[in-house]
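One letter stands for each residue in the lines below.
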Amino acid sequence: GESVGLHLPTLSVQEGDNSIINCAYSNSASDYFIWYKQESGKGPQFIIDIRSNMDKRQGQRVTVLLNKTVKHLSLQIAATQPGDSAVYFCAERAQRGSYIPTFGRGTSLIVHP
Amino acid sequence: GAVVSQHPSWVICKSGTSVKIECRSLDFQATTMFWYRQFPKQSLMLMATSNEGSKATYEQGVEKDKFLINHASLTLSTLTVTSAHPEDSSFYICSARDRGGWVEKLFFGSGTQLSVL
């Protein structure tokens, strides 16, 4: 079946570096994508979203890029901090009107001081 | 942002007992809440969609009689794990969608770690 997946299960970076977390999706009908951050023992926290009619969206220290041609999504975190250490999930909305995102596998980001 | 409160944060119970987990939207009304299950180092798996005033919609493979969901008000949904067994041990997370508008972001509770002995 169609699914949302992540390329790298773990990403280790040094504090201050930029981080890039990648996500591949397979459902070409998906029109809305969300990145969530989940800290250990907590629920996911919304980071940033992007609609399929956009290819880039920026937030505070974070940027999401969407490449619909290759069905690829990425999350860029600038000047990564130890507090950014968490598991990051991308999620897609596969059909209009559905508010239920499908979560990818997740990437664990480890930031070394 | 909107706040979703989930209680308890963790619970340990004996095999065969039932455990109730509460999910409350604190500052908004939620006609729809969602229950997820998460195993260590894995993604969130949607278990069911909880609809206020009606029966929950369960995902394929989720036992309705095992995981009872009640959405009695616009701010409260409960998940009861009946006759819990060790294989039910997991991290359970609820989320809610704000009723007011096309807000597409889900707000998540802090999760409940269930350990069945």
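What you see is a predicted model; the values in this text were computed from it and never measured.

Brief notes about the overall build of chain B
Argument step 1. The secondary structure content of chain B amounts to zero helices and 11 strands.
Argument step 2. In summary, chain B has a C-alpha radius of gyration of 13 Å against a globular reference of 13 Å for 117 residues, a match within 12%.
Argument step 3. For chain B, with 117 residues in total, the buried portion stands at 51%.
Argument step 4. Taking as baseline every contact in chain B between residues at least 6 positions apart, the subset at least 24 positions apart corresponds to 55%.

Considerations on the state of the cysteines
Argument step 1. The final tally for this structure, using the stated rule, is two disulfides over all chains.
Argument step 2. Disulfide partner of Cys23 of chain A: Cys90 of chain A, at an S-S distance of 1.8 Å. Between Cys23 of chain A and Cys90 of chain A, the S-S torsion sits near 40°, and that sign places the bridge as right-handed. One end of the pair, Cys23 of chain A, is in strand E3 (residues 19–25); the other, Cys90 of chain A, is in strand E9 (residues 86–93), with 67 residues separating them in the sequence.
Argument step 3. Judged by its relative accessible area of 1%, Cys90 of chain A falls in the buried class.
Argument step 4. Paired by a disulfide, Cys23 of chain B and Cys94 of chain B hold their sulfur atoms 2.0 Å apart. Linking Cys23 of chain B and Cys94 of chain B, the disulfide has an S-S dihedral of approximately 80° and is accordingly described as right-handed.

What counts, and where the lines are drawn
- Residues numbered from 1 in each chain as written.
- Chains lettered and ligands numbered in written order.
- Predicted model: local features only at pLDDT ≥ 70, side-chain atom pairs only at ≥ 80, totals over all residues.
- Heavy atoms only, no water.
- Helix = DSSP H or I, 4+ residues; strand = E, 2+ residues; numbered from the N terminus.
- Rg over C-alpha atoms; globule rule 2.2 N^0.38 Å.
- Buried < 20%, exposed > 50% of the residue type's maximum accessible area, 1.4 Å probe, protein only.
- Contact = heavy atoms within 4.5 Å.
- Disulfide = S-S within 2.5 Å.

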